Amino acid sequence: MKVKHSAVRWAVLGVLGLQALTAHAIDLVGAYEHALRYDPAKLAADEALAAGREKAVQGDALLRPRIGLTAGVNYVDSRSSSSLPPALASVVPSDSNGSVRQASVQLTQPLYDASARADKQQLHQLSALAETQFDQSRQDLAQRVAEAYFGVLLAEETVRVVQAEKAAIGAQRDRAQARFDVGRGKVTDLQEAQARYDQVQTKEISALSNLDLRRAAFKEAIGLPAQDLTPLATSFAPVAPQPDSLAAWQAKGEDQSTLVRVRRSQLEIAGAEIGKHKLAGRPTLNLVASYTASDQSGGLSPLAASDNQRNAVVGLQLNVPLYAGGAIDSRERESLARQRQADQELSAARRDVRLQVQDAYLSVKTNVSRIASFQQSLISARSALEATTLGRDVGTRTELDVLDAQQRSFAAELDLAQARFDYLLGRVRLAAAVGELGEADLRALNGWLATR
């Protein structure tokens, strides 16, 4: 019985420990680090990188020696009806049988193979493309994590503000009900307060539904429940992007963006494909060395196979392609078209990056001003609410005026929260557009979260 109680106690402690770990606060960097170990798209990118790096190894192997071993055993049974002179009958018997064994090792070293060199160059470029695509997958993950994290924080802030608005309007409704019950209030004030309360209840339902959706998206992206996320600090102070120049950011994007780098690599690969087919008709020269050993057993004639024979051969092998049915010229024309396609795709990528950079840059710049404006608007709305409430108490304002002032105050609070998170996501998108988004950027954003 004691053993059972002990087992139950340890099981309970294990469950409590797991719950404590799950409930532990997580910040933006912690979410990103967990996603690195959990996200299947990132794990697939790891395997794609490992496969891509093998392309360079395969390219190097094209110009290295190739060594092959061949071996065989043959059984020979010879029957002859021809009559031979007595002098040859002992050397070449009419009936003989036995086994012939042979083994050969051959080494081939390319000395001149222009097509293989072009293949090697192309395989190295494919390996470099895999590295760029891996960088892009890491940036995509960082952006997904940031969007999921800030999406939850914004949804939580929205729920908090809506519920505060609901409580304030509920208090106004209760006050209007009490005044109406004692004959000092108007039924229109009570009905208006109730209508506003019903309206904010609808907003609360929508906000809670959106919060559930954001938390589900966070869990799918990160692999952790979106509980107790570190919120934005109250001392949040946005700054303009540095350098404060759209042209500088666009130039950086055209040079460093992973999208442009991928298209640039694809253009180089298409160029190497042209070179490969242009050189496919060139002669090749190989150094060939071989060593062959053979022997026989049984009663075979010496003419059927030599006994214990050893041969070593070293030489040069020249191969000159003469005609391949027009396939080489066709592949060259195809590769030229592919190169023109890749060149246009590179131009389109540069255009898209310029637009992405401009959109993200202006989002950051605009939201710096919007945040300052909404902060002042919130201060003014709260001051107006206090003045309106005081005016109602002294009889110069109505209950409807107070409800309107409350609604403007909470609307300003929601606008400020939206602008703050738009600013943060704008910084994420700007860093991603220029190919710089990484853990360092997330740590910088992490500095704007509250410390616990």
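Computed from a predicted model, the values in this text were never measured in an experiment. (Residues numbered from 1 in each chain as written. Predicted model: local features only at pLDDT ≥ 70, side-chain atom pairs only at ≥ 80, totals over all residues. Heavy atoms only, no water.)

## Examining helix α5 (residues 114–181)
Working step 1: Helix length check: α5 (68 residues) gives 99 Å between terminal C-alpha atoms against 100 Å at 1.5 Å per residue, within 8%.
Working step 2: A positive backbone phi angle near 80 degrees is found at Gly183, which sits one or two residues after α5. (Helix = DSSP H or I, 4+ residues; strand = E, 2+ residues; numbered from the N terminus. Expected span 1.5 Å × (residues − 1).)

## A short note on a nonpolar patch on the surface
Working step 1: Taken together, the side chains of Leu318, Val320, Leu322 and Tyr323 define a hydrophobic patch exposed on the protein surface, amounting to about 550 Å² of accessible area.
Working step 2: Within the fold, Leu322 resides in the loop between β4 (309–319) and α9 (327–394). (Patch = residues over 30% accessible without salt bridge, like charges linked within 9 Å, V, L, I, M, F, W, Y side chains within 5 Å. Areas by Shrake-Rupley, 256 points an atom, 1.4 Å probe, with all protein chains shown as cover. Salt bridge = Lys/Arg side-chain N within 4 Å of Asp/Glu carboxyl O.)

## Focus: the pattern of salt bridges
Working step 1: Taken as a whole, this structure holds 30 salt bridges when the rule is applied.
Working step 2: Its salt-bridge partner being Glu413, residue Arg160 comes within 2.6 Å of it at the nearest N-O pair. Taken together, the residues Arg160 in helix α5 and Glu413 in helix α10 (residues 399–433) connect sequence positions 253 residues apart.
Working step 3: For Arg160, a relative accessible area of 40% gives the class partly exposed.
Working step 4: Residue Glu413 is classed as buried on the basis of its relative accessible area of 13%.
Working step 5: If you follow the salt bridges from partner to partner, you end up with Glu157, Arg160, Arg382 and Glu413 in one network. (Buried < 20%, exposed > 50% of the residue type's maximum accessible area, 1.4 Å probe, protein only.)

## Thoughts on helix α6 (residues 187–222)
Working step 1: Under the 1.5 Å per step criterion, the end-to-end length of α6 is 52 Å for 36 residues, consistent within 8% with the ideal 52 Å.
Working step 2: The inward-facing, buried residues of α6 abut α2 (28–38), α5 and α10.
Working step 3: At the exit of α6 stands Gly223, carrying a positive phi of roughly 90 degrees. (Contact = heavy atoms within 4.5 Å.)

## Details of the environment of Thr230
Working step 1: Mapping Thr230 onto the fold places it in the loop between α6 and α7 (246–256).
Working step 2: Remark: the alpha-carbon pair of Thr230 and Ile26, spanning 204 residues in sequence, is separated by 6.1 Å.

## What to know about the side chain of Asp113
Working step 1: Within the fold, Asp113 resides in the loop between β2 (95–112) and α5.
Working step 2: Within the buried core, Asp113 has no salt-bridge partner, and the shortest N-O distance to an opposite charge, that of Arg66, equals 6.1 Å.
Working step 3: Here Ala116 takes part through its backbone nitrogen, which lies 3.1 Å from a polar atom of the side chain of Asp113.
Working step 4: For Asp113, the residues in contact, after removing those within four places along its chain, are Leu63 and Thr284. (Lys, Arg positive; Asp, Glu negative; His and termini not counted. Polar contact = N/O pair within 3.5 Å; in protein donor to acceptor, adjacent residues only side chain to side chain.)

## Some thoughts on the confidence of the model for the protein chain
Working step 1: With 89% of its residues at a pLDDT of 70 or more, the protein chain has an overall mean of 86.
Working step 2: Counted against residues more than four places away or in other chains, residues 1–23, with its pLDDT under 50, gives two contacts. (pLDDT = per-residue confidence, 0-100.)

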